[in-house]
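Observations on chain architecture
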Amino acid sequence: MNWISDWALPKVKAIFGGTREVPDNLWHKCPSCEQMIFHRDLERNLHVCPHCGFHMRLSAQARIKATLDEGWSRIELPKAPADPLRFRDQRRYAERLKEAQQKAAMDDAVLVAQGSIEGRKAVVAAFEFAFMGGSMGAGVGEALVTAAKLAVLQDAPLVVFTASGGARMQEGAVSLMQMPRTVIATRMVKEAGLPFIVVLCDPTTGGVTASFAMLGDIQIAEPGALIGFAGARVIEQTVREKLPEGFQRAEYLLEHGILDMVVKRHDMRGALARLISLLREPMPLPSVPAEAPPPPAAPPAEAAKPA
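Residue positions are given per chain, counted from 1 along the sequence in the order it is written. With pLDDT at 70 or above as the cut-off, local features in this predicted model cover only qualifying residues; side-chain atom pairs require 80 or more to be listed or tallied, and sums for whole chains, interfaces and linings still use all residues. Excluding hydrogens and water, the side-chain values take into account all heavy atoms of the structure.

1. What to know about the side chain of Arg265
Each helix corresponds to a stretch of at least 4 residues labelled H or I by DSSP, and each strand to a stretch of at least 2 residues labelled E; elements are numbered beginning at the N terminus. Among the structural elements, Arg265 can be located in helix 11 (residues 265–280). Of the residues examined, Arg265 reaches a relative accessible area of 7% and is grouped as buried. Only heavy atoms enter the contact rule, under which two residues are in contact if any of them lie within 4.5 Å. Non-local contacts of Arg265, meaning those with residues more than four positions away in its chain, are made with Leu46, His47, Val48, His55, Met56, Leu58, Arg63 and Glu222. Between buried and exposed lies partly exposed: a residue is buried under 20% and exposed over 50% of the maximum accessible area for its type, with that area taken using a 1.4 Å probe on protein chains only.

2. Considering the pairing of strand 6 (residues 158–164)
Counted residue by residue, strand 6 has seven buried out of seven residues, so it is predominantly covered. By the alternation rule, side chains of strand 6 split into Leu158, Val160, Thr162 and Ser164 and Val159, Phe161 and Ala163, which are all buried. Pairs of strands are assigned from DSSP output, requiring at least two bridges between the strands. In terms of strand pairing, strand 5 (residues 120–127) meets strand 6 through four bridges, oriented parallel. When the bridges of strand 6 are listed, Ala125 appears paired with Val160. In this region the chain leaves strand 5, passes through helix 5 (residues 138–154) and returns to the parallel neighbour strand 6; the handedness of that crossover is right-handed. In this structure, strand 6 lies alongside strand 7 (residues 196–204), joined through six bridges in parallel fashion. By the bridge assignment for strand 7, Leu158 is matched with Phe196. For a crossover, the right-handed case is the one in which the path from the first strand over the helix to the second runs clockwise, viewed with the strands pointing away from the viewer.

3. Points about the environment of Pro50
Structurally, the position occupied by Pro50 is in the loop between helix 2 (39–44) and helix 3 (60–67). Excluding its chain neighbours within four sequence positions, the residues that come into contact with Pro50 are Ile37 and Asn45.

4. Considerations on helix 7 (residues 178–191)
Helix span, expected: 1.5 Å multiplied by one less than the number of residues in the helix. The terminal C-alpha atoms of helix 7, which comprises 14 residues, lie 20 Å apart, in line with the 20 Å expected from a rise of 1.5 Å per residue. Buried residues of helix 7: Gln178, Thr182, Ala185, Thr186 and Val189, and no others. Taken around the axis of helix 7, the buried residues stretch over an arc of 95 degrees, which confines them to a single face. Structural note: helix 7 exposes Ile184 and Glu191 on the side pointing more than 90 degrees away from its buried face. Of the surrounding elements, those touching the buried residues of helix 7 are helix 5, strand 6, helix 6 (172–176) and strand 7. Within two residues after helix 7, Gly193 carries a phi angle of roughly 75 degrees, on the positive side. This arc corresponds to the set of directions leading from the helix axis out to the C-beta atoms.

5. Section: the layout of surface pockets
Cavity: a set of points on a 1 Å grid over the protein atoms alone where a 1.4 Å probe fits but cannot get out. Pocket: an open set with protein on both sides within 12 Å along at least five of seven lines, its lining residues, like those of a cavity, having an atom within 4 Å of a point. Grid points are joined across faces, edges and corners, and a volume is the space filled by probe spheres set on the points. Reported here for the largest pocket is a volume of approximately 340 Å³. Forming the boundary of the largest pocket are 23 residues, of which Pro78, Lys79, Gln101, Asp107 and Asp108 lie nearest the centre. When contributions to the lining of the largest pocket are tallied by element, the ones reaching two or more residues are helix 4 (93–104), strand 4 (110–117) and helix 5. Along the lines of polarity and charge, the residues of the lining of the largest pocket split into 14 nonpolar, two polar and seven charged. Space inside the second largest pocket adds up to approximately 250 Å³. Taken together, 20 residues line the second largest pocket, and the ones lying closest to its centre are Phe54, His55, Asp202, Pro223 and Gly224. Residues of the lining of the second largest pocket, tallied by class, amount to ten nonpolar, four polar and six charged. Following the grouping adopted for this structure description, the nonpolar residues are Ala, Val, Leu, Ile, Met, Phe, Trp, Tyr, Cys and Pro, the charged ones are Asp, Glu, Lys and Arg, and the polar ones are all others, Gly among them.

6. What to know about empty space enclosed by the protein
Over the atoms, a rolling probe the size of a water molecule traces out where space has been left empty. Here the structure, examined in full by the defined rule, presents one cavity of 30 Å³ or more. For the lining of the largest cavity, the elements supplying multiple residues, two or more each, are helix 5, strand 6 and helix 7. Looking at the lining of the largest cavity, the element that brings in the most residues is helix 7, giving three residues. The class makeup of the residues in the lining of the largest cavity is seven nonpolar, two polar and no charged.

7. Digging into the sheet that holds strand 3 (residues 73–74)
One open sheet holds the seven strands; their spatial order is 3-4-5-6-7-8-9, and the pairing between them is mixed. At either margin of the open sheet sits one strand with a lone partner, and together these are strand 3 and strand 9 (261–262). For strand 4 and strand 5, the ladder comprises eight bridges, and the chain directions are antiparallel. Residue pairing across strands places Gln114 opposite Val123, the latter belonging to strand 5. Here helix 5 sits on the sheet and contacts strand 4, strand 5 and strand 6; the angle it forms with strand 5, its principal contact strand, is near 175 degrees. Simply put, an axis is a line fit to the C-alpha atoms, just over the touching stretch for a helix, and the angle between two N-to-C directions goes from 0 to 180 degrees.

8. Considering the packing of aromatic side chains
Centres within 6.5 Å are what make two rings of Phe, Tyr or Trp a pair, Trp counting through its six-membered ring; a difference in plane orientation under 30 degrees is then read as stacked, over 60 as edge-to-face, and the rest as tilted. Scanning all chains against the criterion turns up three aromatic pairs. A ring pair is formed by Trp27 and Phe38, whose centres lie 5.3 Å apart and whose planes are at 55 degrees; its orientation type is tilted. Of the two residues, Trp27 is situated in strand 1 (residues 27–29) and Phe38 in strand 2 (residues 36–38); the sequence distance between them amounts to eleven residues. Judged by relative accessible area, which is 25%, Phe38 ranks as partly exposed. Arranged with centres 6.1 Å apart and planes meeting at 15 degrees, the rings of Phe127 and Phe212 form a pair that is stacked. Pair noted here: Phe127 is in strand 5 and Phe212 is in the loop between helix 8 (206–209) and strand 8 (218–221), with a separation of 85 residues, a long-range link. Residue Phe127 is classed as buried on the basis of its relative accessible area of 2%. Here Phe212 falls in the buried class, since its relative accessible area comes to 1%.

Put into structure tokens, the structure is as follows:
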């Protein structure tokens, strides 16, 4: 067998150019229907399954790119304390944070950008769930406060896409303090008379749901998004009852009045543009035709003179 490895294989490799490395992420399996989707087709379809319409998770960069018009710009965010509590579990929190920053090319779990949506000015903040589960720490709080201040400065609506597991446990009470901070940020936008629109993506849970995510003037969600505070298993153990089918999903919340709209990802940009137009652009008053003046009254008949 030596002649095969020593002589034949080198000849074959020389003819065909050697072994070609094939990436292992060319195909993706849909979590819902389990159909295989080519990666370029999935990207073109905004990570929505073309077979069953299942909405997969989308990165913050791709979400902003799909929402804003060409020419949008990313906002530089203030630096937050990297490891305020010097937390350590199996690894140091500073190491986990640095690894997440390198993998996502972001300083923290929120990306903020300014631009326009179909020609209408807007400031957009998008969560990156791949960054430590989109958890909310001091960096996320700084990002949302910065986005709110920028919206007020530019007289533009603020749109936030949420995808988070809640507060970041490695920052303890510091992360919990971001809940009132983000609520104050929403008040800044509303007191300036600007729309605050929240798009709840899969998943939106924990401290994010318990703070700014439920304070939007308009509450939108993507189809099938998981939205809630505690997990369904914890709730069932607490109330000792079986939860209804689809509990904490976007369609269930829409049916029970917690959401205003459930919008498919392909229609999201147009829906946001229409909402901003309705909330920001004055509606022209219908022209009412002027009423024709009444005809002049006939002169009174003269009284007959006596003969």
